[in-house]
Amino acid sequence: MLRLETIICTFSVLSVAARADFKARNCSEVREACIGRGFSFAHVPLQEIPGEHLRVCPQGNTCCTQEMEDKFGQQSKQDFENLVDEMSHELRSTFVSRHKRFDEFFLELLENTERSLNEMFVRTYGKPYMQNSEVFENLFAELKRYYTGGNVNLEEMLNDFWSRLLERMFTLLNSQYAITEDYLECISKYTDQLKPFGDVPRKLKAQVTRAFIAARTFVQGLSVGREVAQRVSKVSSTPACIRALTKMLYCPFCQGMPAVKSCKNYCLNVMKGCLANQADLDPEWNLYIDAMLLVAQRLEGPFNIESVMEPIDVKISEAIMNMQDNSAQVSYRVFQGCGQPKPAGMTRSTRGVSDVFNARFRPYSPEERPTTAAGTSLDRLVVDIKEKLKLSKKFWSNLPEAMCVEDRVTAGNASDDDCWNGHTKGRYFPEVQKDGLTNQVNNPEVGVDITRPDTFIRQQIMALRVMTNKLKNAYNGNDIYFQDSSDEGSGSGSGSGCTEVCPTDMDGAAVTEAPVVEADRSGPVDDSAPLRAPSVALPTMLALSALALHRQWR
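As the structure is a computational prediction, the values presented were derived from the model and not from experiment.

(A) Quick look at the overall build of the protein. A count of helical and extended segments in the protein gives 24 helices and zero strands. Counting over 554 residues, the protein shows a buried share of 50%. For the protein, contacts bridging at least 24 residues in sequence account for 83% of all contacts bridging at least 6.

Okay, structure coming up:
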């Protein structure tokens, strides 16, 4: 009997103590925290109530109603999406801004180069250039079309340019003859042997092709990186993820501890579970970044598009000079193979040289070159983007860590015993999971179906894989659209890159590379020497003008 009374007495004391403790843990702090966070609830308990109605948070005594837990779930999803957006903002803005800078730079570089060549050739060659300027306009139009994504075969386009230039120059240098289309077609048969422009076309083709492949592919790479970063940053939370986020971020409110933040390892497991598919993007993302850095090296090296394009006017002028130097031999060989063309008649053949060529040449000063494109230089752009690219490696696998160092999410430097572990304030014991979908099979916080990868993320992985392949080809000087066994290694292909009628399509065959033929200045033996007088004076004046330009450039 005495033992029973003792037990009853003890139980009564414990009940009183429990009731006292229960009354002491009111919910006023939770109410204030909710108001501070902008929540508007119909009812917040003044003190803890039984929590059998809760579906996510612990069901003991609680400061949360069903309405509060539901709204906490909605807010958890929003908080998570906002945090991912915030954490990826710098990455996304880097790709957006650098893509814009590089694109503007390359387009302005093309415009400046075309304007510079036009101004220089108008001063140097005058009327003959202006009458044939569409040859050069087509060259720059096709280069721009290629850069902006057009289906242009660079090698064939450049060969067409030199073929068209050969047609115009041969006609100009032999203006005393009537040069027909059939005759120009015959000339093309001997271009391999004649090599009228010297070694300039071969060298320029290698430089321009590699430079444009690198420039276009690099800008395309920035565009793909921009799109992938923007798309993957728009996370789609699963119900299991939202439950885990709610439990981590807002269940402390229900326990009357709104100021207590989650333990870091607890946060890591939640984030690794919610971002499992994003982490799977990381291996392909890192390969893509490495490939971008490789092509960036090409933009700095000998195939720097800025150093290739700025002196292109002088290089083309050098080729014209070579044609002039070899004009007698070229004409002699052509006449041997194609026959002597018919005289043009008195009206054309007796015109003075000044009517055909007006050499308004003056030295071309380097200071007159246009200001650097887009107010910067390619070197500065490349140094900047290389630094940014290196910082973006492992971004997606590091995202959970970056999110869990935020003071708004975790307890930071607080003691392991003073953080929220998902149940109460205390140490978090489970092991932190590794990155990626398959490693979440035993995630203690987020239920992840590892047998169902996110198809949207897999699409982005494939986009990166395709772009990485293009970048590696560009690094090796190959255009992935036009690969062949070219001896130049530019890989811009053997088939026409045009899906429609190309502006540079022509009847004359392309000028191809051949062994140098020593100039034969004796000229062809012909009994019509008086008719050739203009063609002798014209090459002399052209040669003097181009030689002075060539020396000035050097």
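Picking up after the structure, the text goes on.
(B) Summary view of unusual backbone geometry. The phi angle at Lys-394 is positive, at roughly 60°, despite the residue not being glycine. Following the sequence through the fold, Lys-394 ends up in the loop between α21 (378-391) and α22 (395-403).

(C) Geometry of the pattern of salt bridges. A full pass over the atoms with the stated rule returns 23 salt bridges. Asp-384 is the salt-bridge partner of Arg-98, the closest N and O atoms lying 2.7 Å from each other. With Arg-98 in helix α4 (residues 89-125) and Asp-384 in helix α21, this pair connects stretches of sequence that are 286 residues apart. The partner of Lys-393 in a salt bridge is Asp-290, and the shortest N-O contact between them spans 2.9 Å. Of this pair, Lys-393 sits in the loop between α21 and α22 while Asp-290 sits in helix α15 (residues 282-300), placing them 103 residues apart in sequence. Each of Lys-195, Asp-199, Arg-202 and Lys-203 takes part in salt bridges that share partners, so that together they form one network.

(D) View of the state of the cysteines. Per the counting criterion, the structure on display carries seven disulfides. Disulfide partner of Cys-27: Cys-63, at an S-S distance of 2.1 Å. Of note, the bridge from Cys-27 to Cys-63 carries an S-S torsion of about -85° and is left-handed in sense. Of this pair, Cys-27 sits in the loop between α1 (2-24) and α2 (28-36) while Cys-63 sits in the loop between α2 and α3 (66-87), and the two are 36 residues apart along the sequence. Its relative accessible area of 0% is what places Cys-27 among the buried residues. With relative accessibility at 0%, the residue Cys-63 sits in the buried group. Here Cys-64 pairs with Cys-254 through a disulfide, and the sulfurs are 1.9 Å apart. The sign of the -90° torsion about the S-S bond sets the Cys-64-Cys-254 disulfide as left-handed. Here Cys-64, found in the loop between α2 and α3, pairs with Cys-254, found in helix α12 (residues 251-254); they are 190 residues apart in sequence, far enough to count as distant. Cys-254 shares its class with Cys-64; the two are buried. Between Cys-34, a cysteine without a disulfide, and Cys-64, which holds the nearest cysteine sulfur, the sulfur-to-sulfur distance is 6.9 Å.

(E) Quick look at the side chain of Gln-278. Examined against the element boundaries, Gln-278 turns out to sit in helix α14 (residues 276-280). Assessed through its relative accessible area of 7%, Gln-278 is described here as buried. Leaving out residues up to four positions away in the same chain, Gln-278 has contacts with Val-232, Val-235, Trp-396 and Ile-457.

(F) Structural detail: the nonpolar core. Within the largest apolar cluster, 132 residues are counted, with the highest numbers of intra-cluster contacts made by Phe-72, Phe-80, Phe-102, Leu-143, Phe-212, Trp-285 and Ile-316. If one sorts the elements of this core by residue count, helix α10 (residues 200-232) sits on top with 14 residues. With residues near it in sequence (within four places) discarded, Leu-143 still touches Leu-110, Leu-154, Met-157, Val-208, Phe-212 and Met-309.

(G) Seen up close, the environment of Ser-236. Considering the arrangement of structural elements, one finds Ser-236 in the loop between α10 and α11 (239-249). Sequence spacing of Ser-236 and Leu-275 is 39 residues, and the spatial spacing of their C-alpha atoms is 9.6 Å.

(H) Summary view of α22. Looking at α22, one finds that the buried residues are Phe-395, Trp-396, Ser-397, Leu-399, Pro-400 and Met-403. Summarising the contacts, the buried residues of α22 are in contact with α3, α4, α10, α13 (264-274), α14 and α15.

(I) Fine view of the packing of helix α7 (residues 154-173) against helix α17 (residues 312-325). Contact geometry for α7 and α17: axes closest at 11 Å, N-to-C directions at 45°. Classified by the angle between their axes, α7 and α17 sit oblique to one another. Considering how the two elements wind past one another, α7 and α17 form a crossing that is right-handed. Across from Phe-161, Trp-162, Leu-165, Leu-166, Met-169, Phe-170 and Leu-173 in α7, the residues of α17 making contact are Ile-316, Ala-319, Ile-320, Met-323 and Gln-324. Its residues assigned to classes, the contact of α7 with α17 comprises eleven nonpolar, one polar and no charged.

Calculation rules
Residues numbered from 1 in each chain as written. Predicted model: local features only at pLDDT ≥ 70, side-chain atom pairs only at ≥ 80, totals over all residues. Heavy atoms only, no water. Helix = DSSP H or I, 4+ residues; strand = E, 2+ residues; numbered from the N terminus. Buried < 20%, exposed > 50% of the residue type's maximum accessible area, 1.4 Å probe, protein only. Contact = heavy atoms within 4.5 Å. Salt bridge = Lys/Arg side-chain N within 4 Å of Asp/Glu carboxyl O. Disulfide = S-S within 2.5 Å. Core = buried A, V, L, I, M, F, W, Y, C linked by side-chain atoms within 4.5 Å. Axes fitted to C-alpha atoms, helices over the stretch in contact; angles between N-to-C directions. Parallel < 35°, antiparallel > 145°, perpendicular 65-115°, else oblique. Left-handed = near helix turned anticlockwise from the far one by under 90°. Nonpolar A, V, L, I, M, F, W, Y, C, P; charged D, E, K, R; others polar.

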